[in-house]
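Architecture and fold: a report
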Amino acid sequence: MLEAVIVDDEVKALQSLSWELTNLSDEVDIIASFTDAHEALDYLERNTPDCLFLDIEMPAMDGFQFIKNLKNKDFPVVITTAYNQYALQALKNEAIDYLLKPIDTDDLQVTISKIKKYNTKNLTIDKLEKILLNFNAESHSKKITINTDGKLLFLNSDDILYAESDGNYSTIFLSDGQKILLTKKLKEVNNLLPDTSFFRIHNSYIINLNKIKEFLKTDGYVVLESNHKIPVSRQKKSDFLDML
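Cut-offs and rules
- Residues numbered from 1 in each chain as written.
- Predicted model: local features only at pLDDT ≥ 70, side-chain atom pairs only at ≥ 80, totals over all residues.
- Heavy atoms only, no water.
- Helix = DSSP H or I, 4+ residues; strand = E, 2+ residues; numbered from the N terminus.
- Contact = heavy atoms within 4.5 Å.
- Salt bridge = Lys/Arg side-chain N within 4 Å of Asp/Glu carboxyl O.
- Buried < 20%, exposed > 50% of the residue type's maximum accessible area, 1.4 Å probe, protein only.
- Arc of directions from axis to C-beta.
- Polar contact = N/O pair within 3.5 Å; in protein donor to acceptor, adjacent residues only side chain to side chain.

The name given to the protein chain in an unreviewed UniProt entry is DNA-binding response regulator, and the organism recorded there is Flagellimonas aquimarina.

Next comes the structure, spelled out in C-alpha cells:
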C-alpha cells in the first residue's frame, strides 16, 4: 500500500481526487491532504510519504513553486491537473508523472507502477549508501596464496584493489599498479578472498570494500582510491545487502 499525500487548493477538487485515487486503485492510502500549500510544506518537512499528488494551479503558490520550496524531496511527485499544457514543465520540474483530471484508471495504474519502481530503486540505493558509509574499516587482512606461472604468490589482501573477470581468466589489480593474470574464473578468485572485506559487486568485478572512495548513486558506480570506476549491477545490490 502506497502512503500518499494530496495538495490541492480547492476542497471539492481535493475530495474528488481522494475519491478517485482510493476507488480506482486498492494500492493507494491517503494519509494526509492539504488545501494550504504552506501547511503541506511544513508537514512534508517532517514526514516522508511514498508519493505526493500535487495540483498545479493554486493561488498562493503554484505547484512548480511548491516543488522548488520542498526541502524533503525523498519521494516521487505526481502532478495532477485539469489542464494538459503543463506536461513538459512537470517533467522538467522532476515530477515522476503527470495525471490529467478526471483520472483514468489505466493511467493511474501506470503511475503507481512508476512510483513503486522509483521507491524500490531509491530504497536499495539508500541502503547501499548507508552500508558503505558505516562499513567497518578495521583491517581483516590475511595472506592469500595464488598459484600462477609455476609459482606461489603470497599476497596481502589489503594490497588488492579489485579483481576483474575475462571469461576463464581473471586479473587482480594491486594498489602499487601491478596486475596479476590468473587462469581462474572470477568465482574461484572470490573463494580465495576474505568475505569480510571483499564483495562481488558485479558479475565481472570483485572489489575491496576498504578501498572505496566514493559511491555515485545516480550513475551506479563505486570509485576506488585508485580512481578506478567499478559498476554496481542491479542484481548484486540485493546480494550486497544480504551479505550484511
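**Quick look at the side chain of Ser25**
Inspection of the secondary structure puts Ser25 in the loop between α1 (11–24) and β2 (28–34). With near-sequence residues (within four places) excluded, Ser25 lies in contact with Glu20, Leu108, Gln109 and Ile112.

**A look at unusual backbone geometry**
Here the residue pair Lys101 and Pro102 is connected by a cis peptide bond, since its omega of -10° sits within 30 degrees of zero. By the secondary structure assignment, Pro102 is in the loop between β5 (97–100) and α5 (105–134). Its identity is not glycine, yet Asn227 carries a phi of approximately 75°, on the positive side. Inspection of the secondary structure assignment puts Asn227 in the loop between β14 (221–224) and β15 (229–231).

**Quick notes on the pattern of salt bridges**
If the charged atoms of two oppositely charged side chains come close together, the side chains can form a pair. Enumeration according to the criterion identifies six salt bridges in this entry. The salt bridge involving Asp8 is made with Lys101; its shortest N-O contact spans 2.7 Å. With Asp8 in the loop between β1 (2–7) and α1 and Lys101 in the loop between β5 and α5, this pair connects stretches of sequence that are 93 residues apart. When its relative accessible area of 1% is taken as the criterion, Asp8 is described as buried.

**A few points about helix α2 (residues 37–46)**
Those residues of α2 that sit buried are Ala37, Ala40, Leu41, Tyr43 and Leu44. On an axial view of α2, the arc spanned by its buried residues comes to 165°, and they lie on one face. Residues His38 and Arg46 are exposed on α2 and point more than 90 degrees away from its buried face. Those residues of α2 that are buried are in contact with β1, β2, β3 (51–55) and α3 (63–69). Where α2 begins, the side chain of Asp36 points an oxygen toward the backbone nitrogen of His38, at a separation of 2.8 Å.

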